[in-house]
Amino acid sequence: MGDYIVRVLAQEAGVRGLACVTTGVAREATRRHNASPAATAALSHGLTAAALMGALLKTNQRVAIKVESVGPLRKLVVESDSAGNLRGYVSNPNVALAPPIGPGEIPIVIGDQGLLTVVKDLRLKDLYEGVVPLQSGKLDVDLTYYLMHSEQVPSLVEIGAPIDVNGMLRVAGGLLLQTLPGSDVNPLAELAERLDDLPQIGELFSNGETPESVLAAIFGAVDYAIVERRELQFQCACSWERTRQGLKLLGPAEIRTMLVEDEAVVDCHFCHERYVFNREALETILEELEHAQNDAAESL
Ligand SMILES: [Zn+2]
């Protein structure tokens, strides 16, 4: 079974629900970043949070979640677009903590003091940005707090990415319940109680439950409809050309320094793809920059 997210709507109750499995995405990220079991757990939580937030976007919009804290992980950055393309990295992929690692250990890895920042590119003139202080270092609890206090939408997030005694990620996944604008919060509270009675989401998925069956268990007799089912994948937006444009922004002096070394090697933070710029490629960049400078001087 590949990774996917399901979005449901309980129109009458005024609640939307999302549930996703992200095991494949999390494993791909772990492999690319050569992450320790503890860093894998945190990165998997982050990617799942990004998948949930990404599913709330409209077409071509993007969201980034950044956690900066005092914990050994230091920094976590994850991104999603509206099409379910996920990527992310952590500052310290070598955090050491003996497995098994469950929800209780996540604050030890992430740290409980710091900031959670959500940046959205909604295709408007300015980026939307919301920041809240970390409440617990449990990413799902902190994201719930962010949605309640920064976006002011009563919500509930639960994420699971259990690491077994051998240090392997068993599954990754999560869910998000949210009151629709203008709706009463009581139905959400009732769903939250039902969720409380269920095992942790990581346990549910480990035991063979699916996003659909988890949502069915939570919504129970509440009338709802599945409105979307979308595949999720680890997919970085980087490319040789984008990296080249990034190098150009450094300016001619920086490119001349690189030419002394005969080549420039750029590693993508998010996916560890390596882009090599040889002498010829660097000379082309330098020519383009010098032309642009001459054109600017002539137009003065
Ligand atoms: Zn990349």
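Here the residue index of a chain counts from 1 through its sequence in written order. Local features in a predicted model are, by the rule used here, given only for residues with pLDDT of at least 70; side-chain atom pairs are given and counted only at 80 or more, and totals for whole chains, interfaces and linings are based on all residues. Just so you know, side-chain values use all the structure's heavy atoms and leave hydrogens and water out.

Q: Any chance you could break down the overall build of the chain for me, citing the residues and the numbers?
A: Secondary structure is summarised from DSSP: a helix means a run of H or I of at least four residues, a strand means a run of E of at least two, and numbering begins at the N terminus for each. Helix and strand counts for the chain stand at 10 helices and 13 strands. By principal-axis analysis of the C-alpha atoms, the chain measures approximately 70 × 45 × 35 Å. Burial status follows relative accessibility: with a 1.4 Å probe on protein chains alone, a residue under 20% of its type maximum counts as buried, one over 50% as exposed, and anything between as partly exposed. Going through the 300 residues of the chain one by one, you find that 47% of them count as buried. The contact definition used throughout considers only heavy atoms, calling two residues in contact when any of these lie within 4.5 Å. Within the chain, contacts between residues separated by at least 24 positions form 64% of all contacts whose residues are at least 6 apart in sequence.

Q: Give me the lowdown on the coordination of the zinc ion, citing residues and values where you can.
A: Around the zinc ion, the protein contributes the donor atoms Cys236 (SG), Cys238 (SG), Cys268 (SG) and Cys271 (SG), which lie 2.2 to 2.3 Å from the metal centre. Think of the donor list as every N, O and S atom within 2.8 Å of the metal, or within 3.2 Å for Na, K and Ca; water never makes the list, so a site can look incomplete. Only two sets of limits are used to name each site, 85 to 135 degrees for every angle of a tetrahedral four-donor site, and over 155 degrees for opposite donors with all other angles from 65 to 115 for a square planar four-donor or octahedral six-donor site, with any other site named irregular. Geometry at the zinc ion is tetrahedral, judged from the four donor atoms that bind it and their angles of 102 to 113° at the metal. In the primary structure, the donors to the zinc ion are separated according to the pattern C-x1-C-x29-C-x2-C. In this pair, Cys236 sits in the loop between strand S11 (233–234) and helix H8 (240–249) while Cys268 sits in the loop between strand S12 (264–267) and strand S13 (274–277), placing the two residues 32 residues apart along the sequence. No difference in accessibility class separates Cys236 from Cys268, as the two residues are buried.

Q: Quick one: what's the story with the packing of helix H5 (residues 186–197) against helix H7 (residues 211–219), residue by residue and with numbers?
A: Helix-helix packing: each pair is described by the crossing angle between the helix axes and the interaxial distance. With their axes 8 Å apart at the nearest point, H5 and H7 run at an angle of 120° to one another. By the angle class used here, H5 and H7 are oblique. Contacts between H5 and H7 pair Leu191, Arg194 and Leu195 from the former with Ala217, Ile218 and Phe219 from the latter. As a working rule, the residues Ala, Val, Leu, Ile, Met, Phe, Trp, Tyr, Cys and Pro are called nonpolar, Asp, Glu, Lys and Arg charged, and the rest polar, with Gly in that last group. Across the contact of H5 with H7, the residue classes break down as five nonpolar, no polar and one charged. In this analysis an axis means a line fitted to C-alpha atoms, helices contributing only their contacting stretch, and an angle means the value between N-to-C directions, from 0 to 180 degrees. When describing relative orientation, an angle under 35 degrees is termed roughly parallel and one over 145 degrees roughly antiparallel, while 65 to 115 degrees is termed roughly perpendicular and anything else oblique.

Q: Account for helix H9 (residues 252–261), naming residues and giving values.
A: Among all positions of H9, only Pro252, Ile255, Met258 and Leu259 are buried. Buried residues of H9 fall within an arc of 115° about the axis and therefore sit on the same side. Residues of H9 that are exposed and point more than 90 degrees away from the buried face comprise Ala253, Val260 and Glu261. Taken together, the buried residues of H9 touch H8, S12 and helix H10 (279–298). The first or second residue beyond H9 is Asp262, which carries a positive phi of 80°. Think of the arc as the fan of directions from the helix axis to the C-beta atoms.

Q: Which residues make up the pairing of strand S9 (residues 173–179), and what values do they have?
A: Of all seven residues in S9, seven are buried, a share of seventy percent or more. Every second residue of S9 is oriented toward a common face, with Gly173, Leu175, Leu177 and Thr179 on one face and Gly174, Leu176 and Gln178 on the other, all of them buried. What makes two strands pair is DSSP finding at least two bridges between them. Relative to S9, strand S2 (residues 15–21) runs antiparallel, the two sharing seven bridges. The partner of Val15 across the bridge, within S9, is Thr179. Alignment of strand S8 (residues 155–160) against S9, held across six bridges, turns out to be antiparallel. Its bridge partner lying in S9, Ile159 is registered against Gly174.

Q: Explain the pairing of strand S3 (residues 62–69) to me, using residue names and the numbers behind them.
A: Pairing between S3 and strand S4 (residues 75–81): seven bridges, direction antiparallel. Within S4, the position partnered with Arg62 by the bridge is Asp81. In this structure, the hairpin formed by S3 and S4 is closed by a connection of five residues, where Arg74 is found at a positive phi of approximately 65°. Relative to strand S6 (residues 114–121), S3 runs antiparallel, the two sharing eight bridges. Bridge pairing in S6 places Glu68 opposite Leu115.

Q: An account of the nonpolar core is requested, with residue identities and associated values reported.
A: To qualify as a nonpolar core, a set must consist of buried Ala, Val, Leu, Ile, Met, Phe, Trp, Tyr and Cys residues joined through side-chain atoms within 4.5 Å. In this structure, Leu73 and Leu116 are the most contacted members of the largest nonpolar core, which totals 56 residues. The element contributing the most residues to this core is helix H2 (residues 37–54), with 11 residues. Each of domain 1 (4–234) and domain 2 (240–298) accounts for three or more of the residues forming this core. Beyond its immediate sequence surroundings of up to four residues, Leu116 is in contact with Ile65, Lys66, Val67, Gly130, Val131, Val132, Leu134, Leu139, Asp142, Leu143 and Tyr146. If you look at the next biggest cluster of nonpolar residues, it comprises 21 residues, including Val6, Val21, Leu177 and Ile201. All domain edges in this entry derive from an automatic or database-based domain assignment.

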